[in-house]
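# Reading the structure
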Amino acid sequence: MSNKMWGGRFSERPDEIMEEINVSIDVDRHLFAQDIAASKAHAAMLASQGIITASDAKNIGKGLDTILSEIGKGDFEFKRALEDIHMNVESRLSELIGPAAGRLHTARSRNDQVATDFRLYVRDIVDETDAALAAFQQALVDRALEHAGTVMPGFTHLQTAQPVTFGHHLLAYVEMAARDRGRFQDARKRLNESPLGAAALAGTSFPIDRHATAKALGFDRPMANSLDAVSDRDFVLETLSAASICAVHMSRFAEEIVIWTSPLVGMIRLSDKFTTGSSIMPQKRNPDAAELVRAKTGRVIGALNGLLIVMKGLPLAYQKDMQEDKQGAMEGFAALSLAIRAMTGMVRDLVPDEARMRLAAGEGYATATDLADWLVRTLKMPFREAHHVTGRIVAKAAESGMALHELPLAEMQAIEPKITRDVLGVLSVESSVKSRTSFGGTAPKNVASQAKAWAKRLEKERKLG
Ligand code: ARG
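Cut-off values and rules
- Starting afresh in each chain, residues are numbered from 1 along the sequence in its written order.
- Totals for whole chains, interfaces and linings use every residue, but because this is a predicted model, local features are given only for residues with pLDDT of at least 70 and side-chain atom pairs only at 80 or more, for both listing and counting.
- Only hydrogens and water are removed before side-chain values are computed, so all heavy atoms of the structure are retained for them.
- Salt bridge, as used here: a side-chain nitrogen of Lys or Arg that lies within 4 Å of a carboxyl oxygen of Asp or Glu.
- Strands here mean DSSP runs of E at least two residues long; helices mean DSSP runs of H or I at least four residues long; both are numbered from the N terminus.
- Throughout, exposure labels follow a simple rule: accessible area from a 1.4 Å probe, protein chains only, divided by the maximum for the residue type, with under 20% read as buried, over 50% as exposed, and the rest as partly exposed.
- Note on terminology: near, applied to a residue and a molecule or strand, indicates that one of the residue's heavy atoms is within 4 Å of it.
- Under this definition, polar contacts are N or O atom pairs within 3.5 Å; protein pairs additionally need one hydrogen-donor-capable and one acceptor-capable atom, and for neighbouring residues in sequence, both atoms have to be side-chain atoms.
- With residues, only the protein chains shown are counted as cover, and all accessible areas are computed by Shrake-Rupley using a 1.4 Å probe.
- Residues are grouped as follows: Ala, Val, Leu, Ile, Met, Phe, Trp, Tyr, Cys and Pro are nonpolar; Asp, Glu, Lys and Arg are charged; all remaining types, including Gly, are polar.
- Definitions used throughout: a 1 Å grid over protein atoms alone; a cavity as a set of points that fits a 1.4 Å probe which cannot get out; a pocket as an open set with protein on both sides within 12 Å along at least five of seven lines; a lining residue as one with an atom within 4 Å of a point.
- Grid points are joined across faces, edges and corners, and a volume is the space filled by probe spheres set on the points.

This part is about the pattern of salt bridges. Under the defined criterion, the tally for this structure stands at 29 salt bridges. Note that Lys 79 and Glu 95 form a salt bridge whose closest N and O atoms lie 3.7 Å from each other. With a gap of 16 residues between them, Lys 79 in the loop between helix H4 (54-73) and helix H5 (85-97) and Glu 95 in helix H5 connect regions that are remote in the sequence. A residue is classified by how much of its surface remains accessible, and Lys 79, at 32% relative accessible area, is partly exposed. Judged by relative accessible area, Glu 95 falls into the partly exposed class, the value being 46%. A salt bridge links Glu 193 to Arg 221, with the nearest nitrogen and oxygen atoms 2.8 Å apart. Of this pair, Glu 193 sits in strand E3 (residues 193-194) while Arg 221 is found in strand E4 (residues 221-222), placing the two residues 28 residues apart along the sequence. Assessed through its relative accessible area of 41%, Arg 221 is described here as partly exposed.

Bringing the site of the ligand into the picture now. Ser 24, Asp 28, Asp 84, His 86, Arg 110, Asn 111, Val 114, Tyr 318, Lys 320, Gln 323 and Lys 326 make up every residue found near the ligand. In this structure, a nitrogen atom belonging to the ligand sits 2.9 Å away from a side-chain N or O atom of Asn 111. One nitrogen or oxygen atom from the side chain of Gln 323 is found 2.8 Å from a nitrogen atom belonging to the ligand. Burial of the ligand by the surrounding chains reaches 86%, relative to a free accessible area of 340 Å². If one sorts the elements of the shell around the ligand by residue count, helix H6 (residues 110-146) sits on top with three residues. The class makeup of the residues in the shell around the ligand is two nonpolar, four polar and five charged.

Once that is clear, we can look at the layout of surface pockets. Here the idea is plain: a probe the size of a water molecule rolls over the atoms and shows the empty space left. When its volume is computed, the largest pocket comes out at roughly 370 Å³. As for the largest pocket, its lining consists of 17 residues, of which Thr 261, Ser 262, Pro 263, Ile 268 and Arg 285 are closest to the centre. Secondary structure elements with two or more residues in the lining of the largest pocket: helix H10 (234-261) and strand E5 (268-269).

None of the figures reported here should be taken as evidence of function without further support.
Here it is, written out as structure tokens:
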């Protein structure tokens, strides 16, 4: 038997391979809720425009509700012979309510249907991701408040650079997550227009009300061009771009956790909840979750690349190639969601080794800049000269195997006679971080007030819902 949805001019069944390459139900079944919501909005609009009768619309609505609950309960049989979610739903509807089901597809096509469903789906993803990122930020802010004054080494080139506070480091990721959320919101604004009623590509001759269906589905407005409505997937690309950047942020943080938990570094410890053991080396505590966050980034970026490649050669309007838009995107979004939740868990779980952090913060002459700044401030030395003098003092200390604050004052004065005892006050890691009070700097006082401001902002957001 040929396909009962479109098989009028066909007399044979499709080849098995044809069916295999053509079906999308395994993937687009995840759009069932959106598909049903869009069909309900469409049917209600058709009735209020007098295109179908009120009683047909009522039966269609009831039937669709039944299908929704059947799928929810796992009582629905998805049939591969029916290709996709749209035809699976419609076919079941006709079993449930008879011929009236056939009126639902008036003035629409699977092309505008799938574009509508997927926009609704991606919109939900954006909202879920936003909530996950807000929870991630909250975890960071809580820990930053706790560690506003905990000194750790700051690195550039992964070499000890200047002391910073652990709270400051954590707040850096709060800022990144805020921009990620902004990017998702930007994508949401642009994607929130309704393709429904664009029909196959040209619009329809029925007197539909696209504004009504757009409103019913929570879209801001209908899309203005029917060709564009059915043929672009830029909303997926844009959301995947935001997701890719966000995943890269997660991955960088995950990489830091891998480094920090290495016994060579030992700055933080993860509990048993976020580590795994080795089957052969009993002493091991592996940061697998962080490693997998790092790796899952590949899936997200891969999904973006994959869809860019699918789209790049397609003429307008709908092409079947576009059916390949969903699987990678769904997997990419799921990978990001897991990565964000895993990072949130690790942020809450990690315990810094404060003594070790403090010690490491002072290694590698991390307060050398403070010494140079002191020479500039107190002796009015030009910075370049101060840099040079400090370099000589550091070399002297290194030669004698001492830290800067351990070097006898006389040794410093042998290099720069105008140096006084007063300099000793700036050489500790605590005084170094305390002095970094410029806006955005690492001083514990700054960090505490930034963390508090973020806590307030997040709370306000939660209240606004
Ligand atoms: N399963 C299809 C997709 O995901 C639905 C649209 C099919 N349209 C068509 N003209 N064959 O793209």
